[in-house]
Structures are given as structure tokens and as C-alpha cells.
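# Geometric and topological summary
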Number of protein chains: 2
Amino acid sequence: MAGASYPGSMNTPDDDWLRLDQQICFSLHAASRAFNGVYRQILKDLGLTYPQYLVMLVLWEHDELPVKKLGEHLRLDSGTLSPLLKRLEAAGLVRRERSARDERSVEVRLTEEGVALRARALQVPRRIASSTGFGPEEVRVLRARIDELTTALDAAAALAEPQGGSPATGPS
Amino acid sequence: MAGASYPGSMNTPDDDWLRLDQQICFSLHAASRAFNGVYRQILKDLGLTYPQYLVMLVLWEHDELPVKKLGEHLRLDSGTLSPLLKRLEAAGLVRRERSARDERSVEVRLTEEGVALRARALQVPRRIASSTGFGPEEVRVLRARIDELTTALDAAAALAEPQGGSPATGPS
DNA sequence: CGCCATTCAATTGCACACAACTGAATTGTG
DNA sequence: CACAATTCAGTTGTGTGCAATTGAATGGCG
């Protein structure tokens, strides 16, 4: 237990880090929820939640996909996707059927209704964009920056977690 | 097909917006969860979740605060904070007591244990920062950009939602 | 062929987030 | 003072998100 002594330290004190930390992690947290809130309002017309919309975006591009692949696109696991997909199925937007070739896998496929919904969804991005006041180019730049962050964070998480890698810093 | 062309307009077509929308909203969603994942690992030692950590950050700065004020700092409502605070209380980190001056209000106050936890939390921001690989300046720039986004989104949500202020009724 | 590890989706348990509502306390108004 | 509107924390219900487990199906290996 290192007794911290710091009163006159010239290094960035831990206290300041704690404040800075609050700002970046809180900023992203708040931004995510703000986005969620705007999407919630706009998607209400379509009867979709924000994560359900994300799933539909993927399906509109792929039309048919096993749950596993869907999870890879969205970085979500079956614990999240299974109940979500059941709701989409109950809403009549998708159909789920076990693959004939591999009985473990479940194929998710759009219904006609699900395909048709895309036409109404085409307005969503424009309404979102006008909410942000950002242009296409600004959006692109910001997205690239955020993706860098995500990539770095995922890499760090992968180093700390799995059975293969032993963290040098044990919990003590 | 849906290839509606806008003769004289260089506007981004709906299809492109949909694709771009997929990327930006997914990016932010993924980044938020990636952050959550990294914090989860680091905070496990402290016995805190990420939102609980955010609450503690505020309390370490204010020491005593009514639930309402806490919610304003974090943009969270009592539906989220009440159970969260009960868990922090069960963990012995905070105490909740009805205000004497206003019986509607509940004052949240750190216990000695809660205050003491701050010393262990001082390492967290450094570990997060190293996970991102971003320097302080990069973090500042990105944060500013994200905050712009949040501000714009909140403003848009406020216009669309409230009871009195329908867009038509809005002040010109 | 039989056995075992792996791969899937689904389920369970816990913790947010948020809308909608409840109920108690306070404030504003006459 | 009485009464209605407002403020505040708490509760309920729905929908993620994730860790851990379950159970069926598959593939590899001898």
C-alpha cells in the first residue's frame, strides 16, 4: 500500500485524471443515450427500437443470415439477439428457421413485411442527420475517429480477458 | 427500382444515407459498449459497475447531493437511480436519508467506506487511458466533438417531444 | 463405431435505461 | 385556511446487454 504523497506534485495529479476521465467516458455514455433518445422518437412510427433497427439495417443488406453472423456484424451475442429476434418475429418482420444443413444454426430471414418496411425506413437517416446538424463528411470523419477508439478498446479488452493471455497485472 | 434521381440536386440519396446511418449509429453504439466492457473489467476490482462508477465520480466531487441533482449531473432519472443507489447503499458506499427541510427529497451521502474507495479508484482513469491509446489532447478533441453531437441531439429531442412546444407552436 | 471437444441458440440471472404511474410533500392561489 | 398544481422519489413493465449455463448437434480422433 503505497502511501500517496502529492501536495506539490508537478505530474498530472490523479485527481485531475479522475476529472478528465469523467468527461470522456461520460461524454460517450451521454452521446449514446442521446442518440438512442432521438432514434426512439423517430423509430416509434416504425414500431422498432434502436437495437431492432440496427438488426433490420443488417438484414436489409443481407436478406438471410444465421444468428451467429448477425451477432458478428453487430457484436451482440445470442443472449441479446434471441429475445430481440423473437420480438421481431412476433411483429411479423422476420422468420426464424433452423438450418437444414446444420441443425444448430438458425437462419433469420426477412418477411415481405420486413422487406417493405425498408421503404419507410429510408427517411430515418435524413431525420437523424438533420437532428445532428452534421453533414455527410462530418459524420464520416467522426465515425472514423470513434471506430479507432472502439478498435483500441476491443484490443485492450481482448488482451486482458481471454484464457490465452495472462494479464501481468493481477488483481491485488 | 427505387433509384429516384434528383435532377439538379447533389444531395446524398436516401440509400447512401441509410448506409451511412448504419455506420454512424452502429459506431457510436459499439463504442459505448466497448467502453463499457473495458470499464467492466477494471471496475470489477472495486465492485462497481460502470454507471455506479459514474455516480461515485459525482459524489466524490460533491460528497452530499439530493437524488434530483445527481440525476441532472448524469442525465438519469429516478427510475434508473433509485435501484442503483439502493445497491450502492447495500454495498455500504452511500447512505440515503430523507431531507429534513423537504421530505420529498432524499439526500445521498458517501459513507467513510465510499470516501475511502476513491483512493483505489484513482488508478482507473490511467488504465482506461492506456486502453484507448489516445493522448490527452486527442481525447479532448474527440470529447468536444461528441459533446457537440449530444447537444444537438438533445436540442432536437427537446423540440420534438414536449407537451407545450410542438414545432408549430414553437417560438419563432 | 464410440467418445469427446467444440459450436450453436436458447435460457437464466443481474444491472441498467426509460416511459408511465403512484403517492407523499410542497407550493401557489384565492 | 382550503384546494389544485407541481415536485420529488419510488415502483412497474418493457427492452436491451452481458456473463454463465444448458442442451442439442456437429466434427475430430482413435
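Let us look at the structure shown here. (Residues numbered from 1 in each chain as written. Chains lettered and ligands numbered in written order. Predicted model: local features only at pLDDT ≥ 70, side-chain atom pairs only at ≥ 80, totals over all residues. Heavy atoms only, no water.)

### A look at the protein's contact with DNA strand C
Close to DNA strand C lie 26 residues, the nearest being K68, S78 and R96 of chain A together with T49 and R87 of chain B. In DNA strand C, the atoms that sit within 4 Å of the protein are 79% sugar and phosphate, with bases accounting for the remainder. Q52 of chain B places a polar side-chain atom, nitrogen or oxygen, 2.9 Å from a phosphate oxygen of DNA strand C. Only α1 (14-43), α3 (67-74), α4 (78-90) and β2 (94-98) of chain A together with α2 (50-62) and α4 (78-90) of chain B provide two or more residues apiece to the surface near DNA strand C. In the surface near DNA strand C, the residues fall into five nonpolar, eight polar and 13 charged. (Near = heavy atom within 4 Å. Polar contact = N/O pair within 3.5 Å; in protein donor to acceptor, adjacent residues only side chain to side chain. Helix = DSSP H or I, 4+ residues; strand = E, 2+ residues; numbered from the N terminus. Nonpolar A, V, L, I, M, F, W, Y, C, P; charged D, E, K, R; others polar.)

### With respect to the sheet that holds strand β3 (residues 106-110) of chain B
In sheet architecture, strand pairing relies on hydrogen bonds along the backbone and comes in two forms, parallel and antiparallel. Residues and elements named next belong to chain B. Spatially, three strands are ordered β1-β3-β2 in an open sheet, and the strand pairing comes out antiparallel. The two strands at the open ends of the sheet, each matched to only one other strand, are β1 (64-66) and β2 (94-98). The sheet shows a mean angle of 25° between the axes of neighbouring strands, taken without regard to direction. Packing of helix α3 (residues 67-74) onto the sheet brings it into contact with β1 and β3, and relative to β1 it is tilted by some 90°. (Pairing = 2+ DSSP bridges. Axes fitted to C-alpha atoms, helices over the stretch in contact; angles between N-to-C directions. Contact = heavy atoms within 4.5 Å.)

### Some remarks on the relation of the copies chain A and chain B
For the pair chain A and chain B, the best superposition has an RMSD of 0.3 Å and corresponds to a rotation of 180° with a translation of 0.1 Å parallel to the axis. Given the turn and translation reported, the copies of this chain are related as if by a two-fold rotation axis. Among all residues of chain A, the one whose C-alpha sits closest to the rotation axis is S32 of chain A, at a distance of 3.2 Å. (Least-squares fit on C-alpha atoms with pLDDT ≥ 70 in both.)

### Brief notes about the interface of chain A and chain B
Between chain A and chain B, the residue contacts involve 64 residues of the former and 67 residues of the latter. Roughly 6700 Å² is buried in total at the junction of chain A and chain B, and carbon and sulfur atoms are behind 66% of that figure. Our count for the contact surface shared by chain A and chain B stands at two salt bridges. A salt bridge links R145 of chain B to E138 of chain A, with the nearest nitrogen and oxygen atoms 3.1 Å apart. At the boundary of chain A with chain B, the tally comes to nine residue pairs in polar contact (both at pLDDT 80 or more). Contributions of two or more residues to the side of chain A that touches chain B are made by α1, α2 (50-62), α3, α5 (112-121), α6 (124-132) and α7 (136-160) of chain A. Here the side of chain A that touches chain B is composed, by residue class, of 37 nonpolar, ten polar and 17 charged. (Buried area = accessible area lost by both parts, 1.4 Å probe. Salt bridge = Lys/Arg side-chain N within 4 Å of Asp/Glu carboxyl O.)

### Concerning the sheet that holds strand β1 (residues 64-66) of chain A
Residues and elements named next belong to chain A. Taken together, the three strands give an open sheet; going across it, the order is β1-β3-β2, and neighbouring strands pair in antiparallel fashion. Two strands bound the open sheet, and with one partner strand each, they are β1 and β2. For this sheet, the mean angle separating the axes of adjacent strands, direction not counted, is 25°. In this sheet, strand β3 (residues 106-110) lies alongside β2 in antiparallel orientation, the contact comprising five bridges.

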